[in-house]
Amino acid sequence: MKPLNEYIDHTQLKANATQADIQKLCDEAKQYNFKTVAINSYWVPFAAACLKDSKVGITACIGFPLGAASSASKAFEAHQAVLDGATEVDMVINVGELLAENYDACTADIKAVVDAVPTTPVKVILECCLLDDEKIVAGCRCAMRAGAAFVKTSTGFSTGGATVHAVELMRQTVGEVCQVKAAGGIHGKEEAYAMIEAGADRIGASASIAICS
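These numbers come from a predicted model, not from an experiment. (Residues numbered from 1 in each chain as written. Predicted model: local features only at pLDDT ≥ 70, side-chain atom pairs only at ≥ 80, totals over all residues. Heavy atoms only, no water.)

## A look at the packing of helix 7 (residues 164-174) against helix 8 (residues 189-198)
- Viewed as axis vectors pointing N to C, helix 7 and helix 8 meet at an angle of 25°, and their least axial separation amounts to 8 Å. As the angle between them shows, helix 7 and helix 8 are arranged roughly parallel. Of the two elements, helix 7 crosses helix 8, and the hand of that crossing is right-handed. Contacts between helix 7 and helix 8 involve Val164, Val167, Glu168 and Arg171 from the first element and Ala194, Met195 and Ala198 from the second.
- For the contact of helix 7 with helix 8, the class distribution of residues is five nonpolar, no polar and two charged. (Axes fitted to C-alpha atoms, helices over the stretch in contact; angles between N-to-C directions. Helix = DSSP H or I, 4+ residues; strand = E, 2+ residues; numbered from the N terminus. Parallel < 35°, antiparallel > 145°, perpendicular 65-115°, else oblique. Left-handed = near helix turned anticlockwise from the far one by under 90°. Contact = heavy atoms within 4.5 Å. Nonpolar A, V, L, I, M, F, W, Y, C, P; charged D, E, K, R; others polar.)

## Some words on the sheet that holds strand 4 (residues 88-92)
- The parallel closed barrel is built from eight strands, whose spatial order is 1-2-3-4-5-6-7-8. Neighbour-to-neighbour, the strand axes of the sheet open up by a mean angle of 25°, direction not taken into account.
- Bridging between strand 6 (residues 150-152) and strand 7 (residues 179-183) involves three bridges; their strand directions are parallel. Looking at the pairing, Val151 lines up with Val180 of strand 7. (Pairing = 2+ DSSP bridges.)

## Some details on helix 7
- Within helix 7 the residues assigned to the buried category are Ala166, Val167, Leu169, Met170, Arg171, Thr173 and Val174.
- Once helix 7 finishes, Gly175 follows within two positions and takes phi at roughly 55°, a positive value. (Buried < 20%, exposed > 50% of the residue type's maximum accessible area, 1.4 Å probe, protein only.)

## What to know about the side chain of Glu28
- Position of Glu28 relative to the elements: it lies in helix 1 (residues 19-32).
- Accessibility expressed as a relative area gives 14% for Glu28, which makes it buried.
- Within the structure, Glu28 has its side chain in polar contact with the side chain of Lys24 (distance 2.7 Å).
- Here Glu28 is in contact with His10, Phe34 and Ile209, once residues within four sequence places are set aside. (Polar contact = N/O pair within 3.5 Å; in protein donor to acceptor, adjacent residues only side chain to side chain.)

Shown next, in the form of C-alpha cells:
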C-alpha cells in the first residue's frame, strides 16, 4: 500500500471559500505531498500559480454539486479548467437521468466531458446516497462506456457520503477498467484505510491532515 497521503485529493469546495482558503489548501497540499487539491473550477488558475513548483495536481470539480447542468456546459467547464491548469476532472453525473434509467443520456453526458479533455483523467461522481445498488452499478457502467478514468462515490454535499458497501460494489462492477474514488464523510485514518481495503484508489477529503496524522 502507498503512503496514505498519496491517495488523497485535499478538498475545499465550499461556496464561501475565499482566495485565502485556497492558498491555505495549496500550502497544506505541498507540505503533506497530497495527490491533488480538489476545488471548484473558478479557483484553478490561482491554484495553478500556487502549485507551479510542486508535484501536487489540481482536480477541478465540474457541474458541481448537482450534476444537472447541460452536457455542453459541463464539457466547456472541463475544457476551460484544463486550459487553466487542472490535471484531473471530477464531474457529477446527471442523477435524475440515472434514476430514470435513461442510461444512454447518462453515458452521453459523461462522454461529452471525456471528449472535451481527452488527455485528462475524468472521475464520475455518482452520488451513491441517492441511489440503490442497481443504480450504482448502472452508473458505473455508464462511466465505463463513456471512457471515464474513475467512478466516485459522492460530492459530500448531498444526504450522505462514502460507504464501504458502495466502494466494494463499485470496485466489483468496474474491475480494472476504472479506478474508484471514495469521498464524503471520511474524517479519520481508520475510515480512510477501510475505504482503501474495500477497493478505493483515491480518497477525497477536507480532513486530510487529520487522516494523515
